[in-house]
Each structure stands twice: as structure tokens, then as C-alpha cells.
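Single-letter residue listing:
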Amino acid sequence: MPQAPASPAGPVECTVAGLQARAPKGTTITAATPVAAAGRVPAHCLVDGHATSVGNEVNFRVGLPQQWNGKFYFVGVGGLGGSIGSLARGLERGYAAASTDTGHTSDDTTWMSNRAKEIDYGYRGTHVTAVAGKALTTAFYGKPIAHAYFDGCSNGGRQALMEVQRYPDDFDGIIAGDPATGTPMQVGRALVYQKMLARPEHFLTQDAVELVSKATLAACDKTDGLVAGLITDPTRCTFNPDVLACSGGATTGCLNAGQLDVVRQIYSGARLPNGEVYAWGFPPGHEGSATGWRAWISGPEDPQPQPDGTLAYTGRRLPSGYSLAESNMRALALDNDDPSFSWRTLRFPADLARMKTMSDILSPLDADLRPYQKRGGKLLLYHGWADPAISALGTLGYYNRMATIVGGQVKADAFTRLYLIPGMHHCSGGPGPNEFDMLTPLEQWVERGIAPGPIVATHRTNGQPDRTRPLCPHPQVARYTGTGSVDDAANFRCEVSR
């Protein structure tokens, strides 16, 4: 793995030769291009290269702005990696910004059968890029980096937690949004699809999803004492989908027995024989709209009946969860490749033993963050309560385990915050306020010791702001003060839920 040089020795120019001469061992610079300012992105040196991992090469890109703020910003990547994330946000703020393809390209059809590339995707590719990127930044400016930050959502959130757990010295501050949980998440998806696509009548049509969404809102909106079209805390809702069961011969405006079984599976998740949660179910609320269940679970197009009586997606517009379940279960789940294995053949919990090695590679489940706590790092977690891709209950469970391990809520609060975001779908979207800035409060915490409190989030319709709401650090939630607009964050305060 690349090792950073011990100290800077004066700046270098934006050339391959200049940067290569100062690159850490195992790092190859393939391009160094001066880029003119464009819009909000300042003039910068764009560096491409790869870092040697164990049995693999990990591609990366680093942007080095002319007007540098003295800090380093790493951009996490979503899905299955394979492409480098945009550096624009970091560059706009004056950061030296970096990202990686996590050790394979999107057109590589073999990487899921290559253990070195699997490990680099799982965790090592992020680390070797962080080492190389920070070393090149130091070399380019001839100055040490003041602070290093990581920011990612979804798979980027999974990368973030892997960094916290495995490489606590890489970053001073880390943002982990809607973090993917690896194998348990994919197992949970498989169990849903096994039921939903077993028979045509089990499928959740768009009408069925909207029926569920309206019912959960009607049942849960009022639990915070304010009816405003937003479920503030789904854990306080006791919605029972059985109230939607068809009866008296009805076939519309209700759910049949197969559909109800699927909805229960989505909400309940999966438990091991000892009662321990393995795959977290999803909290009720805001299932509808284009970015809800239709985007991630049921899909924008209906699957088609097959000769064996099951359903299969045959069009090009697949639900994202199905695409990920297909690829993961087919090629990334097992310790040893088995062409006959898929989400359809998964046996829970019998097959978990076959998945242990890959689960260890992919799943950020170790909540012992004491090494990161001890080195003084700061972690901001956030998750949309209405995320239909990755359950917010999983992130809450992880946070609660972490707090217990590090010594209780007070000690957890000294280096970690969790924000659970009402009505937000996966990383963005949904009816709740879903635009916010986590980086500024993280900087304030790391650099000035000012611990984060409420963070104002905005919802937009057709590009225009129409609602703001404070995001409160768990276990606090936003409570209406009783006066003023319910769409104005100024009229809410953060309180511990009772």
C-alpha cells in the first residue's frame, strides 16, 4: 500500500513528472492537467492516477485548487463503485478533493470474481486513495494538510463507516449518510423479492404502494401532535397493514393476502433464530412518490409473468433494489462463486454461513469506535427516516450499539452525532426537508470544538423552497412551538422525544 512521505519539501508544479517525483511508493500519476475556472469550480490541477493495493490497482482523481483552504476532502461513491465521484463540491469550497473508483471500472465484468478487487471495493480502495491523495496534496502545496474529511452517502456512507472502523487515522471528520450495511441489507431485499415476485397477485402495484403510503400518513402524521403531512418519528407509529386487507369480495382499494405478506416483510425485516435482528425492516411512512418504494422496491414498470408462474423484470427500468439484489446475490454474496445462487435460491438463515467472508469484507457492522474516539475524530451520521433503499432503523441500531460500547450517551456525544431526517428518501428526495449542509458543522466541531446542534434542512418544489425544518441530533426531535408557520424551521425547537 502507498505510504505518505514524512514531510513536505516545497511545492511542485501541475505536471506528471513533478507530482510523480513526490508521489508515495506504489502510486502512479497518469495525468496532471491545469483546469481553468468554470462557474463555481475554481481553477485547479486535476490529477489522475492509481495506487497499488494488494494484487490490484485502484484508480483515483485529485483536484488541487489554486486557492487552497489547507484541507483535504474525500468524496464517497455510490452503488457498486466503478466510477470516480464528482470533486466539484470540495473544489468549490477550496478543498483539495479526491475520489476513487474503489478498485474496478464499471465496464469490468470480472471484478466480482476477483478477491483483491472485492476487498478494494469493500474497504481497502478508499484507504489507499486517502493515503495517496493526502500525500499528493502535501507535495503539491509544499505544506501539511490541516484537516482531512470524508463525505459519503449510501455506498459512500458504507465507505465512511469502514474508514471509521478499519482506518481511524485517515480522517479527522467523517460524514456517513444513509450507510449501506452490505450483506444483511441484500439478504433483506432478497426475502422481499422472494415473496413479491412469487406470484403475479403478490406484486405491489403502483396503486397498492400509494394505498399503503396514504394509510401510514393517516395513522402516523399526528403522532407528534402536529398534522403537517410529515411523519416526524416513525418509531412512535404502530401502523398495522392488516387494516388494508381485502374483505367482502373486494379486489380494489385494498391489499390481498399475498400483498399483505410482502408489506409485512418490508416492515419486519429478518431475525435470526435467537431473536437477534439480522436485516432491519423499514419504518412506515412516505412509501409513495417516484423516489419511494416504486424507485427501490417495486419499480416504475411492472414485471412480467414467467412460465413457472413467478414474475421477472424484463424491461430496462428496473427498481434499484432489484438491480443490486441481482448483482450482489449472483456474484458478490458468497465466499466462493456458485453460478446457481441468486436471490431466488437464498435460504435464510441456512445460507448465512456461506456468506461470512464476503459479509466481513462488505459490511460495516463493527460498532466499536473507541480507536476513532481515542484519536479525537468526529463522526456525523444521518439517515432519511423514509429511505426505501436502506433502513434508518439499521443506522439507529448501529448508533445505539456504538453508544453502549464507548461508555454511554455522554461519551458518544463527545465525538458522534446522529440525525434522523423525517420524510427524506434515499440520500435526498421525499416530502420532507432534504437539502442540508453537514460539512460546515463538522468543520466547526473538528476545528473549533463547537459541537453540532440543530441543522436546518430545506424542501423544494420545482426548485423553490417551500418548507424548512430543523434536523435534531438524536435522541432529540423537532417540536412545533405552537405559533407561526409549520413550514418554517424558526417555529420548531429540538426536544428529547417523550
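Quick summary incoming for the structure in this document.

Cut-offs applied
Residues numbered from 1 in each chain as written. Predicted model: local features only at pLDDT ≥ 70, side-chain atom pairs only at ≥ 80, totals over all residues. Heavy atoms only, no water. Helix = DSSP H or I, 4+ residues; strand = E, 2+ residues; numbered from the N terminus. Rg over C-alpha atoms; globule rule 2.2 N^0.38 Å. Buried < 20%, exposed > 50% of the residue type's maximum accessible area, 1.4 Å probe, protein only. Contact = heavy atoms within 4.5 Å. Areas by Shrake-Rupley, 256 points an atom, 1.4 Å probe, with all protein chains shown as cover. Lys, Arg positive; Asp, Glu negative; His and termini not counted. Charge placed at Lys NZ, Arg CZ, Asp CG, Glu CD. Salt bridge = Lys/Arg side-chain N within 4 Å of Asp/Glu carboxyl O. Pairing = 2+ DSSP bridges. Axes fitted to C-alpha atoms, helices over the stretch in contact; angles between N-to-C directions. Core = buried A, V, L, I, M, F, W, Y, C linked by side-chain atoms within 4.5 Å. Parallel < 35°, antiparallel > 145°, perpendicular 65-115°, else oblique. Nonpolar A, V, L, I, M, F, W, Y, C, P; charged D, E, K, R; others polar. Phe/Tyr/Trp six-rings, centres within 6.5 Å; stacked < 30°, edge-to-face > 60°. Lys NZ or Arg CZ within 6 Å of the ring centre and 35° of its normal. Left-handed = near helix turned anticlockwise from the far one by under 90°.

A short note on the overall build of the chain
Turning to step 1, where the next piece is worked out: A tally of regular secondary structure across the chain gives 14 helices and 17 strands.
Turning to step 2, where the next piece is worked out: Computed over its C-alpha atoms, the radius of gyration of the chain comes to 23 Å, within 12% of the 23 Å expected for a compact globule of 498 residues.
Turning to step 3, where the next piece is worked out: Principal-axis analysis of the C-alpha atoms places the extent of the chain at approximately 80 × 60 × 45 Å.
Turning to step 4, where the next piece is worked out: Taken over 498 residues, the chain has a buried fraction of 56%.
Turning to step 5, where the next piece is worked out: Considering only residue pairs separated by 6 or more positions, the chain has 64% of its internal contacts joining residues 24 or more positions apart.
Turning to step 6, where the next piece is worked out: Working note: accessible area of the chain is about 20,200 Å², and carbon and sulfur atoms make up 51% of it.
Turning to step 7, where the next piece is worked out: Charge centroids of the chain, computed over 44 positive and 46 negative side chains, lie 4 Å from each other.

A word on helix α14 (residues 439-448)
Turning to step 1, where the next piece is worked out: Of the positions making up α14, those classed as buried are L439, P441, L442, E443 and W445.
Turning to step 2, where the next piece is worked out: After α14 finishes, the residue G449 shows a positive phi value of roughly 75°.

Description of the pattern of salt bridges
Opposite charge on two side chains makes pairing possible when the charged atoms of those side chains draw close.
Turning to step 1, where the next piece is worked out: Across all of its chains, the model carries 26 salt bridges by this definition.
Turning to step 2, where the next piece is worked out: K71 serves as the salt-bridge partner of E447, at 3.0 Å between the closest nitrogen and oxygen. Within this pair, whereas E447 is found in helix α14, its partner K71 is found in strand β4 (residues 71-75), the two being separated by 376 residues in sequence.
Turning to step 3, where the next piece is worked out: Using a relative accessible area of 34% as the deciding quantity, one classes E447 as partly exposed.

What to know about the sheet that holds β4
Strands belonging to one sheet form pairs held by backbone hydrogen bonds; the direction of such a pair is parallel or antiparallel.
Turning to step 1, where the next piece is worked out: With mixed pairing, the nine strands of this open sheet are ordered in space as β1-β2-β3-β5-β4-β6-β7-β12-β13. Every other strand in the sheet has two partners, leaving β1 (27-35) and β13 (416-421) as the edge strands with one partner each. Strand-to-strand, the axes of this sheet are offset by a mean angle of 15°, without reference to chain direction.
Turning to step 2, where the next piece is worked out: Across five bridges, the pairing between strand β7 (residues 173-177) and strand β12 (residues 378-384) is parallel. When the bridges of β12 are listed, G177 appears paired with Y382.
Turning to step 3, where the next piece is worked out: Where helix α3 (residues 115-141) meets the sheet, its contacts fall on β1, β2 (44-52), β3 (57-65), β4, β5 (96-100) and β6 (147-153), and the angle it forms with β3 comes to roughly 35°.

Side note on the nonpolar core
Turning to step 1, where the next piece is worked out: L19 and L379 are the most contacted members of the largest nonpolar core, which has 50 residues in total.
Turning to step 2, where the next piece is worked out: Here this core takes eight residues from helix α12 (residues 392-406), the largest share from any one element.
Turning to step 3, where the next piece is worked out: Contacts of L19, omitting those with residues within four sequence positions, involve V12, E13, I29, A32, C45, V47, L136 and F140.
Turning to step 4, where the next piece is worked out: L191, F239, A279 and L334 belong to the second-largest nonpolar core, a separate cluster that totals 48 residues.

Structural notes on the packing of helix α5 (residues 183-196) against helix α7 (residues 257-268)
Turning to step 1, where the next piece is worked out: Two elements in contact, α5 and α7, have axes whose closest approach is 9 Å; the angle formed by their N-to-C orientations is 175°. Between α5 and α7, the angle is such that the two are roughly antiparallel. Mapping the contact onto sequence places L191, V192, K195 and M196 in α5 and D261, V262, Q265 and I266 in α7.
Turning to step 2, where the next piece is worked out: Of the residues assigned to the contact of α5 with α7, the class counts are five nonpolar, one polar and two charged.

A look at the packing of aromatic side chains
The description of two aromatic rings rests on the distance between their centres and on the angle between their planes.
Turning to step 1, where the next piece is worked out: According to the stated counting rule, one finds 17 aromatic pairs in the structure shown.
Turning to step 2, where the next piece is worked out: Considering the side-chain rings of Y267 and W293, the 5.8 Å spacing of their centres and the 55° angle between planes classify their relative orientation as tilted. One end of the pair, Y267, is in helix α7; the other, W293, is in helix α8 (residues 293-298), and 26 residues separate them in sequence.
Turning to step 3, where the next piece is worked out: Owing to a relative accessible area of 4%, W293 belongs among the buried residues under this scheme.
Turning to step 4, where the next piece is worked out: Counting every residue linked through ring pairs, the aromatic cluster contains Y193, Y313, Y322 and W343.
Turning to step 5, where the next piece is worked out: Over the ring of Y121 we find R158; its NZ or CZ atom is 4.8 Å from the centre of that ring.
Turning to step 6, where the next piece is worked out: The ring of Y123 carries the charged tip of R166 above its face, separated from the ring centre by 3.7 Å.

Section: the environment of G173
Turning to step 1, where the next piece is worked out: Within the secondary structure layout, G173 lies in strand β7.
Turning to step 2, where the next piece is worked out: In the structure, G173 is positioned 207 residues away from L380 in sequence and 8.0 Å away in space, judged by C-alpha atoms.

Focus on unusual backbone geometry
Outside of glycine, negative phi angles account for most residues, and trans bonds account for most peptide bonds.
Turning to step 1, where the next piece is worked out: For the bond from F348 to P349, the omega torsion is 5°, close enough to zero to count as cis.
Turning to step 2, where the next piece is worked out: Residue P475 follows H474 across a cis peptide bond; omega there is 15°.
Turning to step 3, where the next piece is worked out: Structurally, P475 is set in the loop between β15 (464-471) and β16 (476-480).
Turning to step 4, where the next piece is worked out: Unlike most non-glycine residues, D178 shows phi in positive territory, near 35°.
Turning to step 5, where the next piece is worked out: For D178, the position within the fold is in the loop between β7 and α5.
Turning to step 6, where the next piece is worked out: Under the relative-accessibility criterion, D178 is labelled buried at 0%.
Turning to step 7, where the next piece is worked out: Of note in this structure, S289 is not a glycine but carries a positive phi near 80°.
Turning to step 8, where the next piece is worked out: Residue placement: S289 occurs in the loop between β9 (277-280) and α8.

Some remarks on the packing of α3 against helix α4 (residues 155-166)
Turning to step 1, where the next piece is worked out: Packing of α3 against α4 brings their axes to within 9 Å, and their N-to-C directions diverge by 70°. The orientation of α3 with respect to α4, classified from their angle, is roughly perpendicular. For the pair α3 and α4, the crossing hand works out as right-handed. Here Y121, G122, Y123, T126 and H127 of α3 come into contact with α4, specifically with N155, R158, Q159, M162, E163 and R166.
Turning to step 2, where the next piece is worked out: The residue inventory of the contact of α3 with α4, partitioned by class, reads three nonpolar, five polar and three charged.

Interpretation note: all reported values are geometric properties and have no functional meaning in isolation.
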